[in-house]
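# Descriptive analysis of the structure
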Amino acid sequence: MPSRRQIREAAVQFLYCADLEGGADPAALRDPFWDFVTESDRRSLQLATFRTVHHLAHGREGRLTEFVERSSAATTLLAGYPEAESLKAGLLRIAELESGWSTALAKLERLPKDDDDASVAEHFSKALEHLFRVDRDLAASRQRFLRDLEDHPGLRGPLEAVSATIRRLQRISDRLRMVEEPEKFPDQADLAKLRDSKTEIAELRRRADELVDKVLAGKDPIDASLAQAVDNYAPERIDPVDRAILRLATHEILQADTPPKVAINEAIELAKRFGTSDSSRFVNGVLDRIARQTGDSEPAAVL
C-alpha cells in the first residue's frame, strides 16, 4: 500500500499543477496527471505483465497447430450438414481470431521493452491492451461455438476432437484473464507481484485524489486562515509550490485534525523536496502561526 508520504507528495504535485496560472480544470487534469506521475510504475507493471503473457504463450503453439489440423477436418465434415452452418462459421471465426492473437503477440514481442521514451511506452501499452482485447473476443467465440454445439447432439462425437482442442486453448485464455485483472484473483500466489503493483498504483491515485478533493473543497476557509497568518496575503504572491504545501498542511491542521507538529514537520519535508532553498523556513513560520490560531502552543518544527 502507498505510504502517507507518497500520498501527500502526489497531492502536492497535483495541487501545484492545478493552481498554475491558466491551469487546467482539476477534473480535466486528473487522467494526464496520473499518467505522468505513475509512468515509471506502470511501465514496470506492463513489462512484468508481458513476461507473464510470454511465458503462457509457450504452451500455445502446439495447441494451435492441433486446432488448425482438427478444425480443417471439422470444417470438411460440417460441409455435409447445412443445418449446422453456424458451427462452421464459428470455427472459421475462431481460426481468424487465433491468427489475430498470434499476430498481436508477435507485434508485442518486437517492441522495445527497456526504452524510457514515453511514446514507446504508450505503443507498448496499446499493444498489450490489443492482445487482451483479441483474447477476450476469442474466448467469447470459443464459448459460443461450444454452446451452439449443444444444440446439435449428433455432432458432438464427430466434433469432440476439435472441441477438446478449443477447450485446451481456452485454458490459456482463462489464465490470461487472471494476468489482465490479477486483483480479481487474490488466491493466485504466483500473481501476487502483478496484483500488488496494480493495486498500489490504483490505491495511490484513490487516496491522493480523495485528499486533493478535501483541500479543494475547503480552499476558501483555508485561504482565509492563511490570510490571518501571512501579512498582505494574496495567493498569487506566494510561490505555487509553497502555496500547494501550505494549503495541504492547513487543511490537515484545521480540517483533518492532524496533530499540528506532525503536519508542520511533514510540510517542511515537502518544502525541502519540491520548493526553493527558502521554502522550508517560510512554510515552517506560516504553519506555526496557523497552529497557534488553533490554540496549539507547541513551538514550530526545528529546521
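Residues numbered from 1 in each chain as written. Predicted model: local features only at pLDDT ≥ 70, side-chain atom pairs only at ≥ 80, totals over all residues. Heavy atoms only, no water.

Moving on to the overall build of the chain. If you tally the helices and strands in the chain, you get 13 helices and zero strands. If you list the helices and strands of the chain from N to C, you get α-α-α-α-α-α-α-α-α-α-α-α-α. Computed over its C-alpha atoms, the radius of gyration of the chain comes to 28 Å, more than 25% above the 19 Å expected for a compact globule of 303 residues. Dimensions of the chain, computed from C-alpha atoms along their principal axes, come out at roughly 90 × 35 × 35 Å. Going through the 303 residues of the chain one by one, you find that 44% of them count as buried. Nonlocal contacts in the chain, meaning residues at least 24 apart in sequence, comprise 70% of its contacts between residues at least 6 apart. On the chain, roughly 16000 Å² of surface is accessible, and the fraction owed to carbon and sulfur atoms is 50%. Once the 45 positive and 54 negative side-chain charges of the chain are each reduced to a mean point, those two points are 3 Å apart. (Helix = DSSP H or I, 4+ residues; strand = E, 2+ residues; numbered from the N terminus. Rg over C-alpha atoms; globule rule 2.2 N^0.38 Å. Buried < 20%, exposed > 50% of the residue type's maximum accessible area, 1.4 Å probe, protein only. Contact = heavy atoms within 4.5 Å. Areas by Shrake-Rupley, 256 points an atom, 1.4 Å probe, with all protein chains shown as cover. Lys, Arg positive; Asp, Glu negative; His and termini not counted. Charge placed at Lys NZ, Arg CZ, Asp CG, Glu CD.)

Two side chains of opposite charge can pair, provided their charged atoms sit close to one another. Taken as a whole, this structure holds 35 salt bridges when the rule is applied. Salt-bridge contacts for Asp209 lead to Arg205; the nearest nitrogen and oxygen are separated by 3.3 Å. Taken together, the positions of Asp209 and Arg205, both in helix H9 (residues 192-217) and four residues apart, correspond to about one turn of that helix. The exposure class assigned to Asp209 is buried, which follows from its relative accessible area of 11%. Among the residues examined, Arg205 registers a relative accessible area of 27% and is labelled partly exposed. One network of salt bridges, with partners in common, ties together Glu129, Arg133, Asp135, Arg136, Arg177 and Glu180. (Salt bridge = Lys/Arg side-chain N within 4 Å of Asp/Glu carboxyl O.)

When we look at a pair of aromatic rings, we describe it by the centre distance and by the angle of the planes. Throughout the structure, instances matching the rule amount to three aromatic pairs. A centroid spacing of 5.2 Å and a plane angle of 80° characterise the contact between Phe33 and Trp34, whose relative ring orientation is edge-to-face. For the pair Phe33 and Trp34, a shared accessibility class is recorded, and that class is buried. Following the ring pairs from residue to residue traces out a cluster consisting of Phe14, Phe33 and Trp34. (Phe/Tyr/Trp six-rings, centres within 6.5 Å; stacked < 30°, edge-to-face > 60°.)

The topology assignment puts Thr250 in helix H11 (residues 240-254). The class of Thr250 is buried, set by a relative accessible area of 0%. If we ignore the near neighbours within four places in the chain, the residues touching Thr250 are Ile222, Ser225, Leu226, Gln255, Leu287 and Ile290.

Look at H11: 21 Å from first C-alpha to last across 15 residues, which is about the 21 Å you get at 1.5 Å a residue. Of all 15 residues making up H11, 13 are buried, and the element is well covered by its neighbours. Sitting at the head of H11, Asp239 places a side-chain oxygen 2.9 Å from the backbone nitrogen of Val241. (Expected span 1.5 Å × (residues − 1). Polar contact = N/O pair within 3.5 Å; in protein donor to acceptor, adjacent residues only side chain to side chain.)

With a phi angle near 55°, Asn232 is a residue other than glycine that sits in the positive phi range. Tracing the backbone shows Asn232 in the loop between helix H10 (219-229) and H11. Residue Asn232 is classed as exposed on the basis of its relative accessible area, which comes to 62%. For Asp257, which is not a glycine, the phi torsion comes out positive at approximately 60°. Counting through the fold element by element, Asp257 comes out in the loop between H11 and helix H12 (260-274). A residue is classified by how much of its surface remains accessible, and Asp257, at 68% relative accessible area, is exposed.

Overall, the prediction assigns the chain a mean pLDDT of 91, with 96% of residues at 70 or greater. Low confidence marks residues 299-303, where pLDDT is under 50. Its contacts with residues over four positions away, or in another chain, come to 13 contacts. (pLDDT = per-residue confidence, 0-100.)

Let's shift gears to the environment of Ile245. Structurally, the position occupied by Ile245 is in helix H11. With relative accessibility at 0%, the residue Ile245 sits in the buried group. Distance from Ile245 to Val283, taken between C-alpha atoms, is 7.8 Å for residues 38 residues apart in sequence. Among all residues touching Ile245, those that are not within four sequence positions of it are Val12, Ala267, Leu270, Ala271 and Val283.

Along the chain, Thr49 turns up in helix H3 (residues 39-57). Residue class for Thr49 comes out buried when judged on its relative accessible area of 7%. There is a polar contact of 2.8 Å between the side chain of Thr49 and the backbone oxygen of Leu45. Those residues in contact with Thr49 that lie beyond four places of it in its chain are Leu128, Phe132, Val179 and Leu194.

Running from amino to carboxyl end, H11 crosses helix H13 (residues 279-293) at an angle of 30°, the nearest separation of the two axes being 10 Å. Considered as vectors, H11 and H13 are oriented roughly parallel to each other. Crossing geometry of H11 relative to H13 is assigned as right-handed. Contacts between H11 and H13 involve Asp242, Ile245, Leu246, Ala249, Thr250, Ile253 and Leu254 from the first element and Ser279, Phe282, Val283, Val286, Leu287, Ile290 and Ala291 from the second. (Axes fitted to C-alpha atoms, helices over the stretch in contact; angles between N-to-C directions. Parallel < 35°, antiparallel > 145°, perpendicular 65-115°, else oblique. Left-handed = near helix turned anticlockwise from the far one by under 90°.)

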